[in-house]
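# Fold and geometry: a report
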Amino acid sequence: GQLVGYPILKLRGFGGPVSYIRRIEEVLIRAIAKYDISGTRVPGHPGVWVNGAKIAAIGVHIGDGVTTHGFAINANTDLSLFRSIVPCGTPALQVTSLTEQTCKFNKIEDLAVNVAIEFGEVFDMDVVWGNGFLSSEQQLEIKAR
């Protein structure tokens, strides 16, 4: 029920770790906006928030100037599972998902396409689709944008 992304990038040129995390947040805020969801940032708490609940977590590791790890965005996640853990180390943290916000099931594949497109825009990179990743219908839809 989560879309997990692990961008592996040389951090040089992205303004340092905080700027990099803000860019990841921007990617996710733009991607969920396509579902008419208004995501926000909360100072001091990386991730993306909707009405005080976290919809996307970000955890980045940087070694030798290269980023690893990344983000997890709740698409169709069973939110009851979060009652068994302390999400993001914050006991009172509320979590949400695309399904909870839109009141309908949303395909992770569609979310992945939206995140990839926004990643390319925010990071000023070309998105190259591997063979078999997108259906013919999705390819036509992207070309039409």
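Refer to the structure above for everything that follows.
Residues numbered from 1 in each chain as written. Predicted model: local features only at pLDDT ≥ 70, side-chain atom pairs only at ≥ 80, totals over all residues. Heavy atoms only, no water.

### So, the pairing of strand β5 (residues 66-74)
Where strand β1 (residues 2-5) lies against β5, 4 bridges are found, and the strand directions are antiparallel. Bridging across to β5, Q2 finds its partner in N74. As paired elements, strand β4 (residues 53-63) and β5 share 8 bridges and run antiparallel to each other. Residue V60 lies in a different strand from β5, and its bridge partner there is H69. Between β4 and β5, which pair antiparallel and follow one another directly, the connecting turn spans 2 residues, one of which, D64, has a positive phi of 55°. (Pairing = 2+ DSSP bridges. Helix = DSSP H or I, 4+ residues; strand = E, 2+ residues; numbered from the N terminus.)

### Some words on the side chain of N74
Locating N74 in the fold gives a position in strand β5. Filtering out sequence-adjacent residues up to four positions away, N74 remains in contact with G1, Q2, K54, I55, L79, F82, V95, T96, S97 and L98. (Contact = heavy atoms within 4.5 Å.)

### Remarks on the nonpolar core
The biggest cluster of nonpolar side chains holds 29 residues, and the ones touching the most others in it are I24, L28, I32, L98, L111, V115 and F123. Not counting residues up to four positions away in its chain, the partners in contact with I24 are P7, I58, F71, F119 and F123. Counting residues in hydrophobic clusters, the runner-up holds 5 residues, among them L79, F82, L93 and V95. (Core = buried A, V, L, I, M, F, W, Y, C linked by side-chain atoms within 4.5 Å. Buried < 20%, exposed > 50% of the residue type's maximum accessible area, 1.4 Å probe, protein only.)

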